[in-house]
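What follows is the residue order along each chain.
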Amino acid sequence: MPPVPPAPSAPPAPFAPSSPARRSALTLALAGVAVSLTATPAAADSSACTHHFSGPQICVRLDGRGATNAVTGIWTNPPAHVGSRAVSLYRNGRLAGTGTATRSGKALMYTWPAHHTGRDTELCVKFRGSRRTACQTTR
């Protein structure tokens, strides 16, 4: 008996409705995009570093939202023998506080607790022994 040829396959449906799970995922994704487009810009979760590669690399990091931020001063490449160093925080050019940065891995770091830093405020950090200053402006 000769072999029976396979049955012709049905043409694909022009549009197959998606599953409820896919529709829910798409709805959530679109809602997230809409919220991110309408949200006010965060003042923080940003950082700035000096751009001189032949010396101390100093950074300032802001963590927060709006006008409330924690400020971290970071010296990314201190000399290997330095375990701690005084660091100063400046707010719009005026001394706002000092602390002692301690070694965390290869860097020295100090964080000032979250507080009202204001909007359009220039926050700068400077480490003792370095002429470099890193600044970031809140939004």
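Before any of the text, the structure's been laid out above.
Bear in mind that the values here come from a model prediction, so they are computed numbers and not experimental data.

## What to know about the overall build of the protein chain
Turning to step 1, where the next piece is worked out: Within the protein chain, the regular secondary structure consists of 1 helix and 8 strands.
Turning to step 2, where the next piece is worked out: Going from N to C terminus, the protein chain has its helices and strands arranged as α-β-β-β-β-β-β-β-β.
Turning to step 3, where the next piece is worked out: Per-residue burial for the protein chain yields a buried fraction of 31% across its 139 residues.
Turning to step 4, where the next piece is worked out: Of the contacts made within the protein chain by residues no fewer than 6 positions apart, 51% connect residues no fewer than 24 positions apart.
Turning to step 5, where the next piece is worked out: Here the protein chain has roughly 9,200 Å² of accessible surface; of this, 61% comes from carbon and sulfur atoms.

## Observations concerning the state of the cysteines
Two cysteines form a disulfide when their sulfur atoms are joined by a covalent bond.
Turning to step 1, where the next piece is worked out: In total, this model carries 2 disulfides according to the counting rule given.
Turning to step 2, where the next piece is worked out: Across a sulfur-sulfur distance of 2.0 Å, Cys49 and Cys59 are joined as a disulfide pair. Of note, the bridge from Cys49 to Cys59 carries an S-S torsion of about 105° and is right-handed in sense. Here Cys49, found in strand β1 (residues 46–49), pairs with Cys59, found in strand β2 (residues 58–65); they are 10 residues apart in sequence, far enough to count as distant.
Turning to step 3, where the next piece is worked out: Residue Cys49 is classed as partly exposed on the basis of its relative accessible area of 29%.
Turning to step 4, where the next piece is worked out: A sulfur-sulfur separation of 2.0 Å characterises the disulfide bridge that pairs Cys124 with Cys135. The sign of the 110° torsion about the S-S bond sets the Cys124-Cys135 disulfide as right-handed. Of this pair, Cys124 sits in strand β7 (residues 122–127) while Cys135 sits in strand β8 (residues 133–137); the two residues are 11 residues apart in sequence, bridging distant segments of the chain.
Turning to step 5, where the next piece is worked out: Residue class for Cys124 comes out buried when judged on its relative accessible area of 6%.

## Side note on the sheet that holds β2
Turning to step 1, where the next piece is worked out: The strand order β1-β2-β3-β6-β5-β4-β7-β8 describes an open sheet built from 8 strands, whose pairing is antiparallel. The open sheet terminates on both sides in strands that have one partner only, identified here as β1 and β8. Sheet twist, expressed as the mean angle between neighbouring strand axes with direction ignored, is 25°.
Turning to step 2, where the next piece is worked out: Pairing of strand β5 (residues 94–104) with strand β6 (residues 107–116) involves 3 bridges; the strand directions are antiparallel. Pairing of Arg103 across the sheet is with Leu108, part of β6.

What counts, and at which threshold
Residues numbered from 1 in each chain as written. Predicted model: local features only at pLDDT ≥ 70, side-chain atom pairs only at ≥ 80, totals over all residues. Heavy atoms only, no water. Helix = DSSP H or I, 4+ residues; strand = E, 2+ residues; numbered from the N terminus. Buried < 20%, exposed > 50% of the residue type's maximum accessible area, 1.4 Å probe, protein only. Contact = heavy atoms within 4.5 Å. Areas by Shrake-Rupley, 256 points an atom, 1.4 Å probe, with all protein chains shown as cover. Disulfide = S-S within 2.5 Å. Pairing = 2+ DSSP bridges. Axes fitted to C-alpha atoms, helices over the stretch in contact; angles between N-to-C directions.

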